[in-house]
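# Structural description and commentary
Chain residues, written in single-letter form:
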Amino acid sequence: MKTQIHTISAPNDGSYDNEALSCSTIDISTHNGEPHGGLRGSNEFILSDSGKKVASDDQTGQLHLWLQRKAKSAFSEKMIKKRLPILRWLPQYNSTDAIGDLVAGITVGLTVIPQALAYAGIAGVPAAYGLYGSFLGCIVYIVFGSCKDVPMGPTAIASLLTFQTAGGNVGKAILLCFLSGVVELMMGILGLGFLVDFVSGPVSSGFTSAVSLIIVTSQVKDVLGISAKGTTFIEIWRNIFNDIHNVQVWDTFLGLTCIAVLLIMRIIAGLKVGPADDELKSKNHRIINKVMWLVGTSRNAILVVVCGAIGYTFQSSAAAPFKLIGDIPPGLPSFMAPPFSLTANETMSGHEESFMDMVSSLGSGLMVVPLIALMENIAICKAFSNGKPVDATQELIAIGLANIANSFVQGFPGTGSLSRSAVNNASGVRTPMGNIYTMGLVVLSLLFFTPYFSYIPKASLAAVIIAAVVFMVEVKVVKPMWRTKKSDLIPGLGTFIACLALPLEMGILFGVGLNVVFILYHAARPKISVERLTSPGGAEYLIITPDRCLIFPSVDYVRNLVTKQSIRQSLPVVIDCSHVYGADFTAATVIDSITQD
């Protein structure tokens, strides 16, 4: 069978002959000797929605048409409901949803209050600022959030990144919250949610595990009652050993006891009494199981209240053996813009800092914090989406607006928390409205209970963090990686070690870089099958089949292999390019060289 290739020459007037008409069953007579009745197509004009012609070289007209299409799409009912998810579920909201959200919201609120106080310590700011970043963003997420299980607020990873970026300066932490929100919002508007896809599972696991160990390490000093500052894993441990002779016995005893109690209560939350089949359980069995679950879930709040009472008892006797978190200003924070400059009294150096100075000092954290916040949030959405697609763009918009709002009430950067999301889901949350009850508890605590928070021992808050974060070390993923693809362990372990030894942003970049190297290596070394076949005429030949496109890193490898096989077996070579879906200039040049060879 022969294949004929026809070339079509375009006339100088920019039109072309419609050759498809030659195959038509419609009888079209010639007109003045021109084929197809003189019917010709044109590439000179674009037909607009209004029916008007716009010249193809009219850049202004094309831009105007593009803007029209975007505006029409942006203000369509479908897009409005997509960007304001509350419009989808609020009209169907009922009493069953309200009860589920109420129970879940209160349960999460009892979890977020002690965590917010503790995470403020990780961020290096006073404890009150953890609560400041835990209520206004919840309202914003109700309107713009697409996942019912996400409770907006401070997280362990975001707090550690805040400390490493802002260095414990309150003004810079608040500005970081604002700028992170702006970056996240702009990424959402520009549709850059796909960037999180460049962080693979092994890199994400290595990063999360390293961060968990760094956070645990940062809290060891409060359990031991000593002073040990630092930003990296190695630096913190070096300072701990240098100050180990100042260990406070009572702080250490309280901290270790609290960790043990929290771990035991965590086990209690998962225990069940009665028959294994829920339908066979009696009413008493269900009540006992529910009480055990509530006690285990609210373990942080229970522990903090008990330790606060102990701290108050010793404080009133003027013989407190524990280090307490100190005074927390009562009432809600003032609603005002984040600081865009710092006075000499507000800086570590004693010099005034302008907005540009502050931005310069925040450095790469302005990109790392938003990306890691997105990673955390998307991980939560995927974990509880039951296989449904996750809109990363909408989540960027939601957490971006939430962080911008939090910055106006002196909050530091936050996102969705995996531990609180698990509690939210297990508590039966039905819609994002559960956030409003969590917000209500935080507001009540700021208005009425802050004077009592000052009696909470630092060791108990450190225990809360350690008992929660230690389970974020993802040891369980090592075995599946080893069984499926052992090479995935290299970027995972590389990221883990780099994050422990270097600043976190350098560690995550190192992990992503390792992934890119592996991708480039596979592109440069395609799998090639070599078969010895015989043609119908009886001539033997080699058929070589690459499994992917030929681009510049791989062409020399393919050329050498083709030449080697041809010389070794003294046979003609046929290259099967059915799997080659693309080739660049370098590949074309090398293929020409192979032909000459």
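Residues numbered from 1 in each chain as written. Predicted model: local features only at pLDDT ≥ 70, side-chain atom pairs only at ≥ 80, totals over all residues. Heavy atoms only, no water.

### Let's talk about the pattern of salt bridges
Under the defined criterion, the tally for this structure stands at six salt bridges. For the salt bridge of Arg430 with Asp97, the shortest nitrogen-to-oxygen distance reads 3.2 Å. Taken together, the positions of Arg430 in the loop between helix H17 (418-426) and helix H18 (434-453) and Asp97 in helix H4 (residues 95-123) put the pair 333 residues apart, joining distant regions of the chain. Residue Arg430 is classed as partly exposed on the basis of its relative accessible area of 40%. By relative accessible area, Asp97 is classed as buried at 9%. Across the salt bridge formed by Asp222 and Lys221, the nearest N and O atoms sit 3.6 Å from each other. (Salt bridge = Lys/Arg side-chain N within 4 Å of Asp/Glu carboxyl O. Helix = DSSP H or I, 4+ residues; strand = E, 2+ residues; numbered from the N terminus. Buried < 20%, exposed > 50% of the residue type's maximum accessible area, 1.4 Å probe, protein only.)

### Let's talk about the sheet that holds strand E9 (residues 573-575)
Spatially, the three strands line up as an open sheet ordered E7-E8-E9, and their pairing is mixed. Of all strands in the sheet, those bounded by a partner on one side alone are strand E7 (528-534) and E9. Taken over all neighbouring pairs, the strand axes of this sheet differ in orientation by 25° on average, direction set aside. Sheet analysis places E7 next to strand E8 (residues 540-546), joined by seven bridges and oriented antiparallel. Paired with Ile528 across the bridge in E8 is Pro546. (Pairing = 2+ DSSP bridges. Axes fitted to C-alpha atoms, helices over the stretch in contact; angles between N-to-C directions.)

### Side note on helix H19 (residues 458-469)
Across its 12 residues, H19 extends 17 Å between first and last C-alpha, which sits within 8% of the 16 Å expected from 1.5 Å per residue. The buried fraction of H19 is high, at 10 of 12 residues. (Expected span 1.5 Å × (residues − 1).)

### Here we look at a nonpolar patch on the surface
Side chains of Ile287, Val291, Val295, Ile302, Val306, Ile310 and Phe314 sit close together on the surface and give an oily, nonpolar patch of about 510 Å² of accessible area. At four residues, the largest contribution of residues to the nonpolar patch is made by helix H13 (residues 299-316). (Patch = residues over 30% accessible without salt bridge, like charges linked within 9 Å, V, L, I, M, F, W, Y side chains within 5 Å. Areas by Shrake-Rupley, 256 points an atom, 1.4 Å probe, with all protein chains shown as cover.)

### Remarks on the confidence of the model for the protein chain
With 88% of its residues at a pLDDT of at least 70, the protein chain reaches an overall mean of 80. Scored below 50 in pLDDT, residues 1-31 shows 31 contacts in the model against residues more than four places distant or in partner chains. (pLDDT = per-residue confidence, 0-100. Contact = heavy atoms within 4.5 Å.)

### Thoughts on the packing of helix H7 (residues 156-166) against helix H15 (residues 365-383)
Relative to each other, H7 and H15 sit at 175°, their axes nearing to 10 Å. Between H7 and H15, the interaxial angle falls into the category roughly antiparallel. Of the residues in H15, those touching H7 at Ile157, Ala158, Leu161 and Thr165 are Gly365, Val368, Val369, Ile372 and Glu376. Partitioned by chemical class, the residues of the contact of H7 with H15 number six nonpolar, two polar and one charged. (Parallel < 35°, antiparallel > 145°, perpendicular 65-115°, else oblique. Nonpolar A, V, L, I, M, F, W, Y, C, P; charged D, E, K, R; others polar.)

### Comments concerning the side chain of Ser205
Tracing the sequence through the fold places Ser205 in helix H9 (residues 201-224). Given the relative accessible area of 10%, Ser205 is considered buried. The residues contacting Ser205, other than those within four sequence positions of it, are Glu474, Val477 and Met481.

### Comments concerning the pairing of E8
Of all seven residues making up E8, five are buried, and the element is well covered by its neighbours. The antiparallel hairpin formed by E7 and E8 contains five residues in its connecting segment, where Gly538 sits at a positive phi of about 95°. Looking at chain direction, E8 and E9 are connected through three bridges and run parallel. Bridged to Ile543 within E9 is Val574.

### Examining the packing of aromatic side chains
According to the stated counting rule, one finds 10 aromatic pairs in the structure shown. Note on Phe233 and Trp237: the rings are 6.4 Å apart at their centroids and 70° apart in plane angle, and the pair reads as edge-to-face. Of this pair, Phe233 and Trp237 are both found in helix H10 (residues 233-242), four residues apart, which corresponds to roughly one turn of the helix. A ring pair is formed by Tyr312 and Tyr455, whose centres lie 4.9 Å apart and whose planes are at 85°; its orientation type is edge-to-face. You can see Tyr312 sitting in helix H13 and its partner Tyr455 sitting in the loop between H18 and H19, a full 143 residues away along the chain. Accessibility expressed as a relative area gives 22% for Tyr455, which makes it partly exposed. An aromatic cluster is present here, built from Phe178, Phe335, Phe340, Phe355 and Phe408 joined pairwise through their rings. Of note, Arg266 hangs over the ring of Phe471, and the distance from its end group to the ring centre comes to 3.8 Å. (Phe/Tyr/Trp six-rings, centres within 6.5 Å; stacked < 30°, edge-to-face > 60°. Lys NZ or Arg CZ within 6 Å of the ring centre and 35° of its normal.)

### What to know about the packing of helix H6 (residues 136-144) against H18
Put simply, H6 and H18 touch, their axes get as near as 8 Å, and they point 170° apart. On the basis of the axis angle, H6 is roughly antiparallel to H18. Listed contacts from H18 to Cys138, Ile139, Tyr141 and Ile142 of H6 are Asn435, Ile436 and Met439. Of the residues in the contact of H6 with H18, the class split is six nonpolar, one polar and no charged.

### Some points on H4
In an α-helix, one full turn covers 3.6 residues, which means residues spaced three or four apart are oriented alike. Taking 1.5 Å of rise per residue, the 29 residues of H4 would be expected to cover 42 Å, and the 39 Å separating its terminal C-alpha atoms lies within 8% of that figure. Maximal helix bending in H4 amounts to about 25°, located at Ala116. Capping the start of H4 is the job of one residue whose side-chain oxygen sits 3.1 Å from the backbone nitrogen of Thr96: Asn94. (Bend = angle between axes of the 7 residues up to and from the residue. Polar contact = N/O pair within 3.5 Å; in protein donor to acceptor, adjacent residues only side chain to side chain.)

### Examining the side chain of Glu184
Here Glu184 shows up in helix H8 (residues 170-189). The buried charged residue Glu184 lacks any salt bridge partner; its closest oppositely charged side chain belongs to Arg420, at an N-O distance of 13 Å. Polar contacts involving the side chain of Glu184 include one to the side chain of Asn403, which spans 3.1 Å. Excluding residues within four positions of it along the chain, Glu184 makes contact with Val369, Pro370, Ala373, Leu396, Ile397, Ile399, Gly400 and Asn403. (Lys, Arg positive; Asp, Glu negative; His and termini not counted.)

### Let's talk about the state of the cysteines
Using the criterion set out here, one finds zero disulfides in the structure. Of the cysteine sulfurs around Cys381, a residue in no disulfide, the closest is that of Cys147, at 4.0 Å. (Disulfide = S-S within 2.5 Å.)

### Describing unusual backbone geometry
Of note, the phi angle at Gln410 is positive, near 65°, even though the residue is not glycine. Examined against the element boundaries, Gln410 turns out to sit in the loop between helix H16 (392-407) and strand E6 (415-416). Residue class for Gln410 comes out buried when judged on its relative accessible area of 9%.

### Quick word on the environment of Phe163
Locating Phe163 in the fold gives a position in helix H7. On the basis of relative accessible area, Phe163 is assigned to the partly exposed category, the value being 22%. Separated by 38 residues in the primary sequence, Phe163 and Val125 place their C-alpha atoms 8.4 Å from one another. Among all residues touching Phe163, those that are not within four sequence positions of it are Ile122, Ala123, Gly124, Gly168, Gly230 and Thr231.

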